Amino acid sequence: MNESKIRKSGKDDEDWSKTAQAWLTGIGIGALILAAMVVSYEIGTNHTGDQAASTPAAESTVAAPPAATQGPGRELFVTTCGTCHTLSEAGTSGAVGPNLDDLKPDRQMVESAIKIGGTGSGAMPPGLLEGTEATEVSDYVAGSAGTGG
Amino acid sequence: MVPQTSGQQRTVGWLFGVTGLALFTLMALLGVAMRLEQGDLISISPEWFYRLMTLHAAGMLAGALASMMGGLWLVVRSVVPSLNFGRAIASFAAIVTGVVLVLVAVLIGGFAAGWTFLYPLPFHSSGMWSTWSTVTFLVGMALVGVGFVIYCIDVLKATTETYGGLGGALGVTWLRGRAPIPPPPQVIAATAVSLQGIIAGAVGTTIIVALLDHAIDGQVTIDALWAKNLTYFFGHTIANLIIYLAAGMVYVLLPLYAGRQWKTSKPLVIGWLGTITFVLTAYSHHLYMDFVQPGAAQLVSLVASSAAAIPVAVVTIYTGMMLVWGSRYRWTLTSVLLYLGFAGWAIGGMGAVIDSLIPVNFRLHNTLWVPAHFHNYLMMGIGLWMLAFVSYMLERASGRTARKRVTLLAPVALIVGGYGFIFSWYVSGALGIPRRWAVHPPGTQDYSIVASIFAIVFLLGFFAVLAEFISMGRQAWRRRGLATTPSAPPQIAGASPEADIASSPSPQPMVKAGFGLITIVAMAVAAMFVFFPPISDASELNVKYHHLVHAFQFFTGAMLGVAAASSPSFFNRFAPRWTNAALAIVIVVPVAMLLYMIPAIYSGLVDNDFLHASYHLFVVFLGLLTGLGAALLGRVAGWTILATAVGMALMFAPGVSGG
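Remember, predicted model here, so these are calculated numbers, not experimental data.

Scanning chain B for helices and strands turns up 24 helices and two strands. In summary, chain B has a C-alpha radius of gyration of 25 Å against a globular reference of 26 Å for 659 residues, a match within 12%. For chain B, the spread of C-alpha atoms along the three principal axes comes to 80 × 65 × 45 Å. Classification of the 659 residues of chain B by burial places 55% in the buried group. Once local pairs closer than 6 in sequence are excluded, the contacts in chain B between residues at least 24 apart make up 85%.

So, in structure tokens, the structure goes:
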């Protein structure tokens, strides 16, 4: 082996050694961060669990559906609107129109959308429901959007 | 300095330029047919009208894109010799294949959902077309995007390696006083466009693969608002970038006729930095009518859409005009078309800015105002520059300019016909006539008849130019082999020296041993948090969280891949020779990663712990492959590709569910 090859081989060894050191350091730091994340998670979930266990009243309040979610509005919503709209409380997952759980529209907004067809852009047919039916669905959506599972 | 062109430059120029122009011609004929139908002058069934509308838009986009890609490649190659000829041809092949598939999908399969393929319309054809034509169309559009991405990766890699990194190639290093001489303007344009092209390509691939997932497995559901955002980010950005590709070409061609150099100035560098920001944030003006779109996105779009006009008007159009003003401009057919193209860009740009103002948009968005503005800058801006590009190459090849009567009369027909055609749309739009309809409201046919007459005048000018091209082409064909040296180009006064370029640029690894390597290995290990049982168990309950976990698994693999490929012995051994394989990997593997997330594949695996774990480890492996491939593409191209690949996985999570 001539001198230049020996020099090159020595440089390669040095490169490898530096690379290996960097890998080991990276793995070490990464493992520490990972451990910190796991520990934080465990502490966080246990803490939250204690809180939840100590406040059963709050849990039951959340679990109870609002009054508006009962009645004919829900049924009308599922048959007329559910194909296009997601509303967890009604168990619908349509993806054509906006997700009502995200939008959380108020009663007036729902009434307007039913009357003119969404924003009036033509994407939703106007007048799908009228009169009492429109009011019942508006009450139901306004009362249940964002509350379901 | 006037660049001399090599055989490879001319090959790329002819392939992209002539193919683009041929597509433009065919699609223009379809466009005129649609206008005649709207004026009740000919009869086309609505079924065929919507097919032709879909084809017209997709074909025009691909044709104009291909043409201007060739134009920019030709002028940039003179100062960036490491631009790869083979990869330019691969890009061309992908685009042509994509166009063929789009033609098959529309003409045979009857696909008519519009080039925007907005979910869920492609899957609700009411019997007009079947799923195979939707899939063919989507794959065709994806291939056009892939062709553009191959081109962008190669351009970004070559310019940044030649001019000392991203800052060097964008002129920022010079702007900050750390380099004595700036890069030429066409290099800045090429770098900026390729950076944005890779990002737009990644977004387009994400939505197209999501739609393909839905086509393969009906359990996959897609959020319609998410789909619209991604579609328009992709479509708007690509359509916009065509004119910025063209601007890079014009930086070199216009000075050949003005006899003055287009120099890199500080406003030009700042303007291009602004353009990168504005082009990538303007797309949301397509969603002003969607009340569920977050208000912040609308506000950003409003600002970006208006602000985008500033660098265009102040830097490129104004400088172009000043370059011609007071010069001894040589008026040939090429230079006339180059000059007129600026007017198309400026006027169409104004129409776009007006439409991007929210109160105005509520009146105009679904009207013919919109096709008016984009035809204004595509037809009267890019269309004329496409003609100018081919005309320039024919001038060089045939040794003569176009005949005087064509030079004088054809542009008059193009301008009178083109603007008459477009202004009838502006007026119709202002009156509220809706767009995208085969049949217009009763009593409004006169506008379509007037537009059709002007369109025919435009076509007369256009075909007069094409006839002259054929004549010059025959002369060039007879001259082939006689003189390999093109006719002596004019000297450009005041030409300044260009920035020193690396004589044989070599790719730099994405990270070097030391702090960078430590950081990415640490990030990869920390990201393994997603394998922590409570996290992975929780993610099994919700498809979107599950996809988010996939993104982190992919990220873990990608970081490990980069770390492995950046070791000097690996990088020096494989980087120069394996570039093409690396390019194929970074394009194919992220697509495979998204296709992999369909319930039909994973639903049978979840009950078996070993298979389930293997499924997730395979996602890590795909990330590892992507990381290895990206690292072999060098520092700037590698990080850009890696960021967009991980971005694709992250983007997929909120929009796709089901199963």
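Detailed reading of predicted coordinates is not advised where the pLDDT is low. All names here are of chain A. Overall, the predicted model of chain A reaches an average pLDDT of 77, with 72% of residues at or above 70. Within chain A, helix H2 (residues 56-63) has the poorest average pLDDT of any element, 38, and strand E1 (residues 86-87) the best, 91. Note on residues 49-67: pLDDT under 50 across the span, and six contacts to partners over four residues away in sequence or across chains.

All names here are of chain B. Following both chains from N to C, one finds helix H12 (residues 333-355) and helix H14 (residues 369-398) inclined at 160°, their axes separated by 8 Å at the closest point. With respect to H14, the axis of H12 lies roughly antiparallel. Classified by chirality, the crossing of H14 by H12 is left-handed.

Right, let's get into the confidence of the model for chain B. Residue and element names in this part refer to chain B. In this model, chain B carries a mean pLDDT of 91, and residues with pLDDT of at least 70 account for 95%. With pLDDT under 50 throughout, residues 483-499 is counted as low confidence; its partners more than four residues away or in other chains account for 31 contacts. Here the complex is predicted with pTM 0.84, and the ipTM for its interfaces comes to 0.72.

Now for the interface of chain B and chain A. Tallying the contact residues gives 27 residues for chain B and 25 residues for chain A. For the side of chain B that touches chain A, the elements supplying multiple residues, two or more each, are strand E1 (221-222), helix H8 (224-258), helix H17 (515-526) and helix H20 (568-574) of chain B. The residue inventory of the side of chain B that touches chain A, partitioned by class, reads 22 nonpolar, four polar and one charged.

Quick notes on the rules
Residues numbered from 1 in each chain as written. Chains lettered and ligands numbered in written order. Predicted model: local features only at pLDDT ≥ 70, side-chain atom pairs only at ≥ 80, totals over all residues. Helix = DSSP H or I, 4+ residues; strand = E, 2+ residues; numbered from the N terminus. Rg over C-alpha atoms; globule rule 2.2 N^0.38 Å. Buried ≥ 20, exposed ≤ 12 C-beta atoms within 10 Å, placed from the backbone. Contact = placed C-beta atoms within 7 Å. pLDDT = per-residue confidence, 0-100. Axes fitted to C-alpha atoms, helices over the stretch in contact; angles between N-to-C directions. Parallel < 35°, antiparallel > 145°, perpendicular 65-115°, else oblique. Left-handed = near helix turned anticlockwise from the far one by under 90°. Nonpolar A, V, L, I, M, F, W, Y, C, P; charged D, E, K, R; others polar.

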